[in-house]
Amino acid sequence: AQTVTQSQPEMSVQEAETVTLSCTYDTSENNYYLFWYKQPPSRQMILVIRQEAYKQQNATENRFSVNFQKAAKSFSLKISDSQLGDTAMYFCAFTPWTGKLIFGQGTTLQVKP
Amino acid sequence: EADIYQTPRYLVIGTGKKITLECSQTMGHDKMYWYQQDPGMELHLIHYSYGVNSTEKGDLSSESTVSRIRTEHFPLTLESARPSHTSQYLCASSTLNEQFFGPGTRLTVL
């Protein structure tokens with residue numbers, strides 16, 4: 001079975017500091033995509049960052065970067081220079097190129113002023 | 001502008017009523033999905049469609065039904081709403097490598 005695990009239900013970080021959210025997954029597929037989605041309170045779910053499994057280079061999007069360890073099946077998200085607007089629930093997700101996503105349980109991140 | 005829309009955004013309804021949650025996308029995506037999400041909790045896939053006249057049940061059993069008569073439209077129907085159906089329902093559509101989400105419908109059944 002393909003699963004995604006986020007072991008940190010809640011995290012907090014001071015504004016301007018760096019925080020890392022953890023995610024592990026289990027699959028027998030060799031080619032797949034990994035994602036981090038952000039769901040702000042009462043707002044729409046949006047894509048933060050995407051990683052193709054065949055790419056060794058870690059994806060980056062401005063203050064957001066990932067540490068993708070394919071052999072370890074680990075996919076953590078690092079948020080640098082945290083901002084109050086980063087407060088949200090973050091979901092790690094996986095798809096074996098079918099479009100259908102498998103989500104983790106989510107991590108609620110609180111950025112404190 | 002290409003987007004995905006859900007109506008209504010909020011719905012409070014009595015037990016036993018029939019309801020339809022609307023979802024439309026203007027991105028031309030073949031693949032569409034419905035998720036159920038309780039506040040602060042994970043998403044559960046309840047239905048998906050890979051194209052017109054194609055619908056499948058998701059990982060979480062649901063008493064709702066869906067239809068896909070047009071590419072852009074993927075409505076979800078509850079024939080007889082119950083308090084256990086109270087939740088947020090998220091619609092999404094996707095390319096091969098990204099899902100786009102609607103704003104959600106927050107349903108409360110009294």
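Everything below is about the structure shown above.
Rules and cut-offs
Residues numbered from 1 in each chain as written. Chains lettered and ligands numbered in written order. Predicted model: local features only at pLDDT ≥ 70, side-chain atom pairs only at ≥ 80, totals over all residues. Heavy atoms only, no water. Contact = heavy atoms within 4.5 Å. Buried area = accessible area lost by both parts, 1.4 Å probe. Salt bridge = Lys/Arg side-chain N within 4 Å of Asp/Glu carboxyl O. Polar contact = N/O pair within 3.5 Å; in protein donor to acceptor, adjacent residues only side chain to side chain. Nonpolar A, V, L, I, M, F, W, Y, C, P; charged D, E, K, R; others polar. Helix = DSSP H or I, 4+ residues; strand = E, 2+ residues; numbered from the N terminus. Buried < 20%, exposed > 50% of the residue type's maximum accessible area, 1.4 Å probe, protein only. Disulfide = S-S within 2.5 Å. Pairing = 2+ DSSP bridges.

### Examining the interface of chain B and chain A
Then step 1. Taken together, the contacts link 25 residues of chain B with 18 residues of chain A.
Then step 2. When the two sides are added together, the surface that chain B and chain A hide from each other amounts to roughly 1800 Å², 51% of it contributed by carbon and sulfur.
Then step 3. Interface area lost by chain B to chain A is led by Leu96, Asn97 and Phe101 of chain B, which between them contribute 31%.
Then step 4. Summed over the shared surface of chain B and chain A, the number is two salt bridges.
Then step 5. Ionic pairing is found between Arg50 of chain A and Glu98 of chain B, a salt bridge with its closest N-O pair at 3.0 Å.
Then step 6. Joining chain B to chain A, the criterion identifies four residue pairs in polar contact (both at pLDDT 80 or more).
Then step 7. Of the residues that constitute the side of chain B that touches chain A, the class distribution is twelve nonpolar, eight polar and five charged.

### Quick notes on the pattern of salt bridges
Then step 1. Applying the stated rule across the entire model yields eight salt bridges over all chains.
Then step 2. Between Asp86 of chain A and Arg63 of chain A there is a salt bridge, and its shortest N-O distance comes to 2.8 Å. Placement of the pair is Asp86 of chain A in the loop between strand E9 (74-79) and strand E10 (88-95) and Arg63 of chain A in the loop between strand E7 (60-61) and strand E8 (64-69), with a sequence separation of 23 residues.
Then step 3. Take Asp86 of chain A: its relative accessible area is 2%, and that puts it in the buried class.
Then step 4. Where Glu79 of chain B meets Lys18 of chain B, a salt bridge forms, and the shortest distance between an N and an O atom there is 3.8 Å. Residue Glu79 of chain B is found in the loop between strand E8 (76-78) and strand E9 (87-94), and its partner Lys18 of chain B is found in the loop between strand E2 (10-13) and strand E3 (19-25); the two are separated by 61 residues along the sequence. A single burial state applies to Glu79 of chain B and to Lys18 of chain B, both of which are exposed.

### A closer look at the state of the cysteines
Then step 1. In this structure the tally under the stated criterion is two disulfides over all chains.
Then step 2. Two residues, Cys23 of chain A and Cys92 of chain A, share a disulfide whose sulfurs are 2.0 Å apart. Measuring handedness by torsion sign, the sulfur bridge of Cys23 of chain A and Cys92 of chain A sits at about -70° and is left-handed. Within this pair, whereas Cys23 of chain A is found in the loop between strand E3 (19-21) and strand E4 (24-26), its partner Cys92 of chain A is found in strand E10, the two being separated by 69 residues in sequence. Assigned by exposure class, Cys23 of chain A and Cys92 of chain A land together as buried.
Then step 3. Linked covalently through their sulfurs, Cys23 of chain B and Cys91 of chain B form a disulfide whose S-S length is 1.8 Å. Taking the torsion about the S-S bond as the criterion, the Cys23 of chain B to Cys91 of chain B disulfide, at about -75°, is left-handed. Separated by 68 residues along the polypeptide, Cys23 of chain B in strand E3 and Cys91 of chain B in strand E9 bring together distant segments of the chain.

### Here's the deal with the pairing of E10 of chain A
All names here are of chain A.
Then step 1. In terms of burial, E10 is largely enclosed, as eight of its eight residues are buried.
Then step 2. The alternating pattern of E10 places Ala88, Tyr90, Cys92 and Phe94 and Met89, Phe91, Ala93 and Thr95 on opposite faces, both of which are buried.
Then step 3. Here strand E5 (residues 33-39) runs beside E10; their pairing, made up of seven bridges, is antiparallel. By the bridge assignment for E10, Trp36 is matched with Cys92.

Distances and angles like these do not, on their own, reveal function.
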